[in-house]
Amino acid sequence: MVEVSTEAISSLAQYYDQPLRCFTFGDFQLSPMVEEFEEILGCALGGRRPYLFSGFYPLLARISKIVQISAQELDHGKQVRNGVVGIPRKCLEAKARTLAGRGE
C-alpha cells in the first residue's frame with residue numbers, strides 16, 4: 001500500500017491542466033522531458049531529435065512513413081477543428097497501440 005498525502009494532491013490538482021496533460025504554474029508548464037518520455041515509453045530516440053515546429057508543417061507522406069499509416073488513410077482521417085487541419089489524436093493512439101501490440 002502506498003501512503004498518499006491528500007493535502008499535497010489537493011494542492012496540486014488546482015494546477016493540473018487536463019487538456020494539456022501537464023501542470024501549469026503561472027506562466028510556465030511542468031511536463032515530462034524527452035528523456036522522461038523515453039523512460040515511460042521504454043524506447044530511446046536513438047539520437048533523433050523530437051519534433052519542434054519550425055514554421056512549416058511536415059508533408060503528409062513523411063508523417064505516414066513515421067506512423068506507418070498510408071498517406072491516403074491519413075488524408076481521409078484529417079479533421080478541421082477551430083480552423084486547424086490535423087489528424088485526431090485518437091487515430092494516432094490507436095495506431096500506436098497496434099504497433100506496440102506487434103512489438104514494433
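Since we're looking at a predicted model, the values are computed, not measured.

(A) Quick peek at the overall build of the protein chain. The number of helices and strands found in the protein chain is 5 helices and 5 strands. Put simply, the protein chain has 104 residues, and 7% of those count as buried. Here the analysis covers contacts within the protein chain between residues at least 6 apart in sequence; of these, 24% occur between residues at least 24 apart. For the protein chain, the exposed area adds up to about 9,400 Å²; of that, 58% sits on carbon and sulfur atoms.

(B) Structural view of the pairing of strand β2 (residues 22–25). Of the pairings in the sheet, the one linking strand β1 (residues 16–17) to β2 comprises 2 bridges and is antiparallel in character. What sits directly across from Tyr16, in β2, is Phe23. Here β1 folds back onto β2 in antiparallel fashion, the turn holding 4 residues, of which Arg21 has a positive phi close to 55°.

(C) Representation of the confidence of the model for the protein chain. Within the protein chain, residue pLDDT values average 78, and 85% of them lie at 70 or more. The weakest mean pLDDT in the protein chain belongs to strand β3 (residues 28–30) at 66; the strongest belongs to helix α4 (residues 71–77) at 86.

(D) Quick peek at the side chain of Lys95. Mapped onto the secondary structure, Lys95 falls in helix α5 (residues 89–101). The contacts of Lys95, once residues within four sequence positions are left out, are Val67, Gln68, Ile69 and Arg102.

(E) Representation of the side chain of Ser64 in the model. For Ser64, the location among the structural elements is in helix α3 (residues 60–67). Here Ser64 falls in the buried class, since its relative accessible area comes to 11%. Among the polar contacts listed, one links the side chain of Ser64 to the backbone oxygen of Ala61, at a separation of 2.8 Å. Once you skip the residues sitting within four places of it in the chain, Ser64 turns out to touch Ile69, Ser70, Ala71 and Leu74.

What counts and what doesn't
Residues numbered from 1 in each chain as written. Predicted model: local features only at pLDDT ≥ 70, side-chain atom pairs only at ≥ 80, totals over all residues. Heavy atoms only, no water. Helix = DSSP H or I, 4+ residues; strand = E, 2+ residues; numbered from the N terminus. Buried < 20%, exposed > 50% of the residue type's maximum accessible area, 1.4 Å probe, protein only. Contact = heavy atoms within 4.5 Å. Areas by Shrake-Rupley, 256 points an atom, 1.4 Å probe, with all protein chains shown as cover. Pairing = 2+ DSSP bridges. pLDDT = per-residue confidence, 0-100. Polar contact = N/O pair within 3.5 Å; in protein donor to acceptor, adjacent residues only side chain to side chain.

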